[in-house]
Amino acid sequence: MRLDILTLFPNMMAMFFDESIAKRAQVKGLVEVHLHDLHDYSLTRYGSVDDYPYGGAAGMVMAVEPLANCIEELQSQRRYDEVIYTAPDGRQFNQPMANELSLKQNLIILCGHYKGVDERLREHFITREISIGDYVLSGGELAAAVMADAIIRLVPGVLGDEQSALADSFQDGLVAPPEYTRPPEFRGWRVPDVLLSGNHAKIDEWRHAQAVERTRQRRPDLLA
Ligand code: ADE
C-alpha cells in the first residue's frame, strides 16, 4: 500500500511514521508513506495556501488551485483508489472502514486546516470525507495519523499471526475480553482459573462470554 499524505506540517507527521508498527510496515516493504508539504504548491511569494473566505467570515480557507495541483501531480503518476479529506463533518471513521481501506493500493489523505477547503475541491477531487469523531481538531494531521495507524496495522503481513488483528475489539462487533499475564497472583488478585487450565475450548468459550458481557456493559450500542 502507498499512502500520500498532503499536509501543512510534514515534520509533525514524519515523527509518527518513524516509530512502532507504522515504521515496521515500511521497513518490511508492505507500506510506503509519502508526506507532501502543501506549502510547496503555494502560488504566492509567501508560501501560503489559504485565503480569505468569499462573503466575509472569520478564519481562512485552503485554496483550490495549490491543492488541486498537488493532487493532480500525484494522479498523473499512478491511479489512486481514494482521495480522502479529513473533516469534522465527514463520515465517522470506524473499524469496517479501516478494514476496507487496508485492502487498497494507493490512497491520498488531505489534511484539512483553517475553516476548511474551498468547496470546489471537495466536489471535484475528494472521493471520501472522514471524521474521527464529533469534536473539532485544529488540523487534520492527527485525524490522518489515527486513520493511517488503524489502516496500516491491518495491511496483510504487517502484524504477525500471533497478534492477529482479527481478534481486536470491534472486529466481530464486540469489545475485546480482558487479558492477563504473569504472575498468576498479585496482592491476592488471581488470574481467572480457566485461563490457567490449558483447555482451549473452555478458554475460547470464556473469552467470548466475557466479550459479550463487556460489550453489554460498556458499548450496548454495538449490540443494538
Ligand atoms: N479536522 C478537524 N476536526 C476533525 C475531526 N474530528 N476529524 C477529522 N478531521 C478533522
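Chains are numbered independently. Their residues run from 1 in the order of the written sequence. Local features are withheld for residues below a pLDDT of 70 in this predicted model, meaning they are given only at 70 or higher, and side-chain atom pairs are given and counted only at 80 or more; totals for whole chains, interfaces and linings count all residues. The side-chain figures draw on all heavy atoms in the structure; neither hydrogens nor water molecules are used.

Details of the site of the ligand
Part 1 of the argument: The rule for a residue being near a molecule or strand is that one of its heavy atoms must lie within 4 Å of it. Around the ligand sit Thr86, Ala87, Pro88, Ile130, Ser131, Ile132, Gly133, Tyr135, Val136, Leu137 and Ala143, and that is every residue in its neighbourhood.
Part 2 of the argument: Contact distances for the ligand include 3.2 Å between a nitrogen atom and a backbone N or O atom of Ala87.
Part 3 of the argument: Residue Gly133 places a main-chain N or O atom 3.1 Å away from a nitrogen atom belonging to the ligand.
Part 4 of the argument: For the accessible areas, the method is Shrake-Rupley and the probe is 1.4 Å, while residue cover comes only from the protein chains on display. Against a free-state accessible area of 270 Å², the protein chains account for coverage of 96% of the ligand.
Part 5 of the argument: Numbering of helices and strands runs from the N terminus, with a helix taken as a DSSP run of H or I at least four residues long and a strand as a DSSP run of E at least two residues long. Listed by contribution, the elements that provide at least two residues to the shell around the ligand are strand S5 (82-92) and strand S7 (128-131).
Part 6 of the argument: For the shell around the ligand, the element with the most residues is S5, which contributes three residues.
Part 7 of the argument: Polar here means any residue outside two lists: the nonpolar Ala, Val, Leu, Ile, Met, Phe, Trp, Tyr, Cys and Pro, and the charged Asp, Glu, Lys and Arg; Gly therefore counts as polar. Of the residues belonging to the shell around the ligand, the class tally is eight nonpolar, three polar and no charged. The definition of a polar contact used here is a pair of N or O atoms within 3.5 Å, where within protein one atom must be able to donate a hydrogen and the other to accept one, and adjacent residues in sequence count solely through side-chain atom pairs.

Here we look at the sheet that holds S5
Part 1 of the argument: Two strands make a pair as long as DSSP finds a minimum of two bridges between them. Taken together, the five strands give an open sheet; going across it, the order is S2-S1-S6-S5-S7, and neighbouring strands pair in parallel fashion. Two strands bound the open sheet, and with one partner strand each, they are strand S2 (32-37) and S7. Recorded for the sheet is a direction-independent mean angle of 30° between the axes of neighbouring strands.
Part 2 of the argument: In terms of strand pairing, S5 meets S7 through five bridges, oriented parallel. Residue pairing across strands places Thr86 opposite Ile130, the latter belonging to S7.
Part 3 of the argument: Only heavy atoms matter for contacts: two residues are in contact if any of them lie within 4.5 Å across the pair. Inter-axis angles, ranging from 0 to 180 degrees, are taken between N-to-C directions of lines fitted to C-alpha atoms, where helices are fitted over the stretch in contact. Helix H4 (residues 95-102) contacts S5, strand S6 (106-111) and S7 of the sheet and is inclined by roughly 135° relative to S7.

Overview of the packing of helix H1 (residues 10-17) against helix H6 (residues 141-152)
The angle between the axes and the distance between the axes are what describe a pair of packed helices.
Part 1 of the argument: Direction vectors running N to C along H1 and H6 enclose 25°, while the axes themselves pass 11 Å from each other. Regarding the angle of H1 to H6, the classification is roughly parallel. Judged by the twist between their axes, the crossing of H1 over H6 is right-handed. In contact with Met12, Met13, Phe16 and Phe17 of H1, H6 contributes Glu141, Ala144, Ala145, Ala148, Asp149 and Ile152. Oblique is the label for any angle not under 35 degrees, not over 145, and not in the 65 to 115 range, which are roughly parallel, roughly antiparallel and roughly perpendicular in turn. The sense of a crossing depends on the near helix, which, turned anticlockwise from the far helix by less than a right angle, makes the crossing left-handed and, turned clockwise, makes it right-handed.

Quick notes on the nonpolar core
Part 1 of the argument: If you look at the biggest cluster of nonpolar residues, it comprises 32 residues, and the most contacted ones within it are Leu3, Phe17, Phe93 and Ile152.
Part 2 of the argument: When residues of this core are traced back to their parent elements, those giving at least two are strand S1 (2-7), H1, helix H2 (20-27), H4, S6 and H6.
Part 3 of the argument: The leading source of residues in this core is H6, at eight residues.
Part 4 of the argument: Apart from residues lying up to four places away in sequence, Ile152 is in contact with Leu3, Phe17, Ala22, Ala25, Val31, Val33 and Val158.
Part 5 of the argument: By nonpolar core we mean a set of buried residues, namely Ala, Val, Leu, Ile, Met, Phe, Trp, Tyr and Cys, connected to one another through side-chain atoms within 4.5 Å. Only protein chains enter the area calculation, which uses a 1.4 Å probe; residues under 20% of their type maximum are buried, those over 50% are exposed, and those in between are partly exposed. Judged by nonpolar contacts, the second largest core, of 21 residues, contains Leu8, Leu74, Ile108 and Leu121.

Quick look at a nonpolar patch on the surface
Part 1 of the argument: Side chains of Phe9, Met12, Tyr135, Leu137 and Leu142 sit close together on the surface and give an oily, nonpolar patch of about 480 Å² of accessible area.
Part 2 of the argument: According to the relative accessible area criterion, Phe9 is partly exposed, its value standing at 39%. A patch is a set of surface residues, each over 30% in relative accessible area and not in a salt bridge, joined within 9 Å for like charges and within 5 Å for the nonpolar side chains Val, Leu, Ile, Met, Phe, Trp and Tyr. Salt bridges are defined by distance alone: a side-chain nitrogen of Lys or Arg within 4 Å of a carboxyl oxygen of Asp or Glu.

Brief notes about H4
Part 1 of the argument: All buried positions along H4 are accounted for by Gln95, Met97, Ala98, Leu101 and Ser102. One side of H4 holds all its buried residues, which, seen down the axis, span an arc of 155°.
Part 2 of the argument: Taken together, the buried residues of H4 touch S5, S6, S7 and H6.
Part 3 of the argument: Structurally, the start of H4 carries an N-cap: the backbone nitrogen of Met97 is 3.0 Å from a side-chain oxygen of Asn94. Within this analysis, the arc is defined by the directions that extend from the helix axis to the C-beta atoms.

With respect to the state of the cysteines
Part 1 of the argument: Throughout, disulfides are identified as pairs of cysteine sulfur atoms within 2.5 Å of each other. As enumerated under the stated definition, the model contains zero disulfides in all.
Part 2 of the argument: For the unlinked cysteine Cys70, the closest cysteine sulfur is that of Cys111, found at 11 Å.
Part 3 of the argument: With relative accessibility at 1%, the residue Cys70 sits in the buried group.
Part 4 of the argument: Since its relative accessible area comes to 0%, Cys111 is described here as buried.

A few points about the domain arrangement of the protein
Part 1 of the argument: Domain annotation of the protein identifies domain 1 (2-152) and domain 2 (169-223).
Part 2 of the argument: Averaged C-alpha coordinates put domain 1 and domain 2 at centres separated by 37 Å. Residue ranges assigned to each domain were obtained from an automatic or database domain assignment.

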